[in-house]
Amino acid sequence: MARRRILLVLLLVVVLLFLAWPSLSTTLSNWWWFKEIGYEVVFARQFTTRLSLFMGVGTAVSLFLYANFRLALRGAAVLPYPVHLGPNLPAVNLTGVVRSLSLPAAIILGIFFGLAGGGAWDTVLLALHGVAFGTTDPAFGRDVSYYIFTLPLIDGTLTMLATMLVLTLIMLFPIYLARGSFVVTPPRHIHLDRRASIHAGVVLGALFVIIALQLWLVDAPSLVYSTTGPLVGASYTDLHATLPALYISALAALAAAGMIVAGGVRGHLTRSALQAIVGYVAVALVGRGVIPLIMQKVFVAPTELTRETPYLQDHIVATRRAWGLDSVDVKELGDAGSLSLTDIQNNGPTIDNVRLWDRDPLLQTFGQLQELRTFYDFVSIDDDRYWIDGKYRQVLLSPRELNAASLPTRTFINEHLTFTHGMGLTLGPVNQVTSDGLPVLFIKDLPPVSSVSLKVTRPQIYYGEIANDYVVVGTKQREFDHPAGEQDVYAAYDGTGGVRVGNALRRLILATRFSASNLLFSADIGDDSRVLYNRNVVARVKQALPFLRFDRDPYLVVTADGKLKWILDGYTTSDAYPYAEPVDDGTTYMRNSVKVIVDAYDGSITSYISTPNDPLIRTWSAIFPGIFHPLASLPADLRAHLRYPDDLYRTQAALYATYHMDSPVDFYHRADQWQIPSVGSSDASVPFMRHIIMRLPGEASAEYVYMVPFTPRGKDNLAAWMVARNDGAEYGRLRVYKFPEQSLVFGPTQVENLINQNTEISQQVSLWDQRGSKVIRGDLLVIPIEQALLYVQPLYLQAEGGRIPELKRVVVAYQNTVVMEETLDGALNDIFGASTRPRNPTSGTSSSAVAPAGGDTQSLITEAQQHYDNALQAQRNGDWAKYGDEIKTLGELLTRLRNAPGTKKP
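Residues numbered from 1 in each chain as written. Predicted model: local features only at pLDDT ≥ 70, side-chain atom pairs only at ≥ 80, totals over all residues. Heavy atoms only, no water.

## Overview of helix α8 (residues 269-300)
Alright, step 1. Its 32 residues give α8 an end-to-end C-alpha distance of 43 Å, which sits within 8% of 46 Å, the value for a rise of 1.5 Å per residue.
Alright, step 2. Residue Val286 marks the point of greatest curvature in α8, where the axis turns by about 30°. (Helix = DSSP H or I, 4+ residues; strand = E, 2+ residues; numbered from the N terminus. Expected span 1.5 Å × (residues − 1). Bend = angle between axes of the 7 residues up to and from the residue.)

## Topic: the sheet that holds strand β17 (residues 499-500)
Alright, step 1. The strand order β14-β18-β17 describes an open sheet built from 3 strands, whose pairing is antiparallel. One side of each edge strand has no neighbouring strand; the edge strands of this open sheet are β14 (471-473) and β17.
Alright, step 2. Bridge count for β14 against strand β18 (residues 530-532) is 3 bridges, and the pairing is antiparallel. Bridge pairing links Val471 to Leu532 in β18. (Pairing = 2+ DSSP bridges.)

## Examining the pairing of strand β22 (residues 589-599)
Alright, step 1. In terms of burial, β22 is largely enclosed, as 11 of its 11 residues are buried.
Alright, step 2. Where strand β21 (residues 564-574) and β22 come together, 9 bridges link them in antiparallel fashion. Across the sheet, the residue bridging to Trp566 is Val598, located in β22.
Alright, step 3. The antiparallel pairing of β22 with strand β23 (residues 605-609) creates a hairpin that spans 5 residues between the two strands, and Gly603 there sits at a positive phi of about 75°. (Buried < 20%, exposed > 50% of the residue type's maximum accessible area, 1.4 Å probe, protein only.)

## Points about the packing of aromatic side chains
Alright, step 1. Overall, the coordinates contain 38 aromatic pairs when judged by the stated rule.
Alright, step 2. Considering the side-chain rings of Trp33 and Phe34, the 5.1 Å spacing of their centres and the 85° angle between planes classify their relative orientation as edge-to-face. Just as Trp33 is buried, Phe34 falls in that class too.
Alright, step 3. Between the aromatic rings of Trp620 and Phe624, the centroid separation amounts to 6.0 Å while the plane-to-plane angle is 10°, which identifies the pairing as stacked.
Alright, step 4. Owing to a relative accessible area of 5%, Trp620 belongs among the buried residues under this scheme.
Alright, step 5. Put simply, the rings of Trp31, Trp33, Phe34, Phe43 and Phe47 pair up and form one aromatic cluster.
Alright, step 6. The ring of Tyr490 is capped by Arg478, whose NZ or CZ atom sits 3.9 Å from the centre of that ring.
Alright, step 7. Lying across the ring of Tyr555, Arg643 places its NZ or CZ 3.9 Å from the centre. (Phe/Tyr/Trp six-rings, centres within 6.5 Å; stacked < 30°, edge-to-face > 60°. Lys NZ or Arg CZ within 6 Å of the ring centre and 35° of its normal.)

## Considerations on the packing of helix α2 (residues 40-73) against helix α6 (residues 194-219)
Alright, step 1. At a minimum axis separation of 10 Å, α2 and α6 run at an interaxial angle of 160°. The orientation of α2 relative to α6 falls into the category roughly antiparallel. Viewed along their axes, α2 and α6 form a crossing whose handedness is left-handed. The residues of α6 that touch α2, namely those facing Asn68, Leu71 and Ala72, are Arg195, His199 and Val203.
Alright, step 2. Here the residues of the contact of α2 with α6 are counted per class, giving 3 nonpolar, 2 polar and 1 charged. (Axes fitted to C-alpha atoms, helices over the stretch in contact; angles between N-to-C directions. Parallel < 35°, antiparallel > 145°, perpendicular 65-115°, else oblique. Left-handed = near helix turned anticlockwise from the far one by under 90°. Contact = heavy atoms within 4.5 Å. Nonpolar A, V, L, I, M, F, W, Y, C, P; charged D, E, K, R; others polar.)

Structure follows, in structure tokens:
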């Protein structure tokens, strides 16, 4: 008998281990991964907090429920209900069945409560370590930290207690019914014996005490999120009607609790409970429903602006502070005078970096020209800036990543052992083209070859944007590195990334984690082999820092020593900032508090605090000590590539279109509301948000900014433009330039209409479309120069059935003038006269969409010869369309050569 019990226990252990093994293997492999990246404290603190809450909450709820069940089942049944299962079977005592199920039921329900409690690990840790904001709400005078850190824990705790009490009442009903303690006699008589009456009365009374606490401690402070008034925040009605009613309702709930308990003790619980509930509901309906409604309709609505002005001011101040709009630097521009040739020349860096290549056409071109093998992919295009050959250049780049789904043969060895990484990147300036209308490439080919001072020394990309599966390095199989002519080059991984395979047990755990038996049995994999997983950089940092939100757009940087690093922007967010305007997902507070660097080769993660005064990141730093570093310790070559994050800037710009009005009266009437213009663009959501190198008005030198224009609501003229600054000490600062309200500055929609109405442009576009080609109109770029604006739009031509767009024309609009030329410099020459090149251009300019200076005779001759040769080749090929284009360009160059300084005039 004893041996049978032992075997039964062992069998039970084996079954439980079998069922728990997948979860256990995932937990262990996650622990190894966190150790690999040095973030053990995140895993350990999160795991231990979840486990502690699960055990604590689960045990407490189970004990509470079981104690109530046992209390209800104590003693002999008053009127037991026997259940007859069949004519020849003995009757079953239902009370006994309920008694035997009480412990399992309490444990199971406790597990569910424990799981819910464990899921609130972040709420508990924030409440325990919360840092003060130093700002109080105007309604109750509490620090904002109370609403963000403390109130959610109070709310969650009271909600869980209320749920537990309701569940207890529900479970007590069948127990007392089975015991005969609860009798219903039709039509309306309900009888409870004294013991059941006291028990149920105490539980129901406790529930009303919880309701009172919820009203006083949670619902009243939560009026700072009310939408009763015209905006978010406690309004006149909330503070003068709803708030007193909440306090009175809380007192009514306490009174109801007393009546219910007293009624239960006296043995007439049902009558007392009914009276208490009816009384409480009546107070709640009148106090929190009828009276606030009457006040809002009769007293507030007719004079809403007068009564709500102070609360409107509170809302505006809170929203601007929560979204970082209170520190925007506003500059007034003068009347937009006429730009001169000197203005253009003095803003050479701006002109030199006008972005003529759009992301979508360039991504197609990169894919056709530089993927080189079917299993390489260019996923996205990143904007950035570098000092190249002594000149500050804006560039577009894209990493060449390996896409395992495109491998010709998808086997375990190919996908996980041989083809393990991407290779290098393609990088070129935003404004230069070849004579064939293709982008000039500073870095290209395999292995990456650079024609400029920027070099790539470690081009392998093991961690990137493509969500590739795990790979194993350090195996007996050779790793494919890159193609070289007819042969392939192989190279072994010598980085520190990945989790060591180790002994047979570790192999089993990893094989279970990835559902891959080959990891367990492959002879190619040794004990010293390493498994690289979580290789998508966004998913990687989300797992490492689960309490942060991350920007949608990670970007790749080439460091000074030629290594490849990913930069990701991390946000601290909250949906509980009082009085602040929420966005679509409910967020009311957001800071770009963390910059995360991920090495593309070894996957190492280093996190830097970029907003040290943010209370949320200070709190998380206290919770997880040692994982964040000061931004001052970020290497200078990486710091030079930090940029204002995209998601935050989009949200701030959208909010600032309204919240630039800080007067409650103007805000209420929306007298000066702006909008972000949107016309034909590849990015329909916020089409005119662009990175650009430019010299801001009043500044001494050009800098890399993120720019967005604003137009008045319902109008097309430009009202202002905003920039987020990215360079040096100015990083992270927002500045707005406002045009005088009495002046007319054409906005993007008006300029788009001017371009569409231009006869020459429309005829040329129609002609190209009729020749079996497709015209792609690029983004309309807004280029601020001094007090005025230039608009630039590139035109691309894509052959029918082809996938390589070519840059063919550049449209420039200034005031009422619209011109189209082959080059930006040609278009500027048409508008402003002689050469628009800077008087002392810096070195490093290669074949560019910006034409050489008018006095550079040799450059003009060389370019003319090139177009002449292209025309002859087109003639031989029978490509008469291209022949006509080349002859036209040749004529323009000859005219420019004739007018060049130093040329003898006929």
